[in-house]
Amino acid sequence: MGKSSLNNSVAKQMAGRAAANLIENGMIVGLGTGSTANYFIDSLILRCKEGLKIKAIATSKQSYIRAQNGGIPLIDINDISILDVTVDGADQIDSQKQMIKGAGGALLCEKIIASSSREMIVVIDESKLVKTLGNQLLPVEIVTFGFKATMRKLELLGLSGILRMSDSSTPFTTDMGNFIVDIQLPTPIRDLEVLNQQILAIPGVIETGFFFNIAGRVIIGKNDGSYQLF
Ligand code: A5P
């Protein structure tokens, strides 16, 4: 492992640990997906072993298995009306806390769970902070039926996308059995909220990786082992 990725891991771990320390007895907690969320889950497992009593709902099979293996009690989202908090990572976040998520392919369940929570706490390392959203790819989840037709309609909006692949011949499928198209947004960046609505209006599009007006506290892990709240 190179020095920079090692340092990045420290930053992600600090953010994950700090978020786990905010969890209180009796809470229903959403477990995000990705490497930073994994550090949160691992710290939460330790806290549960020390006596913390919570129930959790996972945003992906991967997070479900990690939590289950660590002994975190898991419940079904359909058995509750609201979660107290969800802790999840982000791919990009700007100064207004607008985000792009979905590099890990769990954006649909992440959004359902975050939007059903009193607060979404975002855990990131400093590399996720951006001045302008959209300079990297935007993941869009689409149904498998007619996916080429859906991609053509995205192209008509000026959005060229690449079907995410698991390997050279197999498209990546989400936990929900859908495909992901990773879209290069046009520059200069247009009004993203309008663009989001245009994308969502295409038949076949299920959800986008834009997470607007949903982030609560943001915990930024640092390479020196500290963290910052914003
Ligand atoms: C998963 O689908 C994503 O939304 C992740 O939350 C996001 O990609 C952040 O992942 P890392 O913490 O691994 O960077």
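In this report, the structure presented in the accompanying data block is examined. (Residues numbered from 1 in each chain as written. Predicted model: local features only at pLDDT ≥ 70, side-chain atom pairs only at ≥ 80, totals over all residues. Heavy atoms only, no water.)

Our next topic: the environment of glutamate 141. Relative to the assigned elements, glutamate 141 resides in strand β7 (residues 138-142). The class of glutamate 141 is buried, set by a relative accessible area of 1%. Residues within four places of glutamate 141 in sequence aside, it is in contact with Gly105, Leu107, Leu108, Thr174, Met176, Asn178, Phe179, Ile180, Gly204, Val205, Ile206 and Glu207. (Helix = DSSP H or I, 4+ residues; strand = E, 2+ residues; numbered from the N terminus. Buried < 20%, exposed > 50% of the residue type's maximum accessible area, 1.4 Å probe, protein only. Contact = heavy atoms within 4.5 Å.)

It is worth spelling out helix α4 (residues 107-114) at this point. Within α4, seven of the eight residues are buried, leaving the element largely enclosed by the surrounding structure. Along α4, the residues that are buried comprise Leu107, Leu108, Cys109, Glu110, Lys111, Ile113 and Ala114.

For helix α5 (residues 147-156), the set of buried residues is Thr150, Met151 and Leu154. On an axial view of α5, the arc spanned by its buried residues comes to 100°, and they lie on one face. The outward face of α5, more than 90 degrees from its buried face, is lined by the exposed residues Lys148, Arg152 and Leu156. On its buried face, α5 sits against β7, β8 (160-163), β9 (179-184), α6 (192-200) and β10 (205-208). (Arc of directions from axis to C-beta.)

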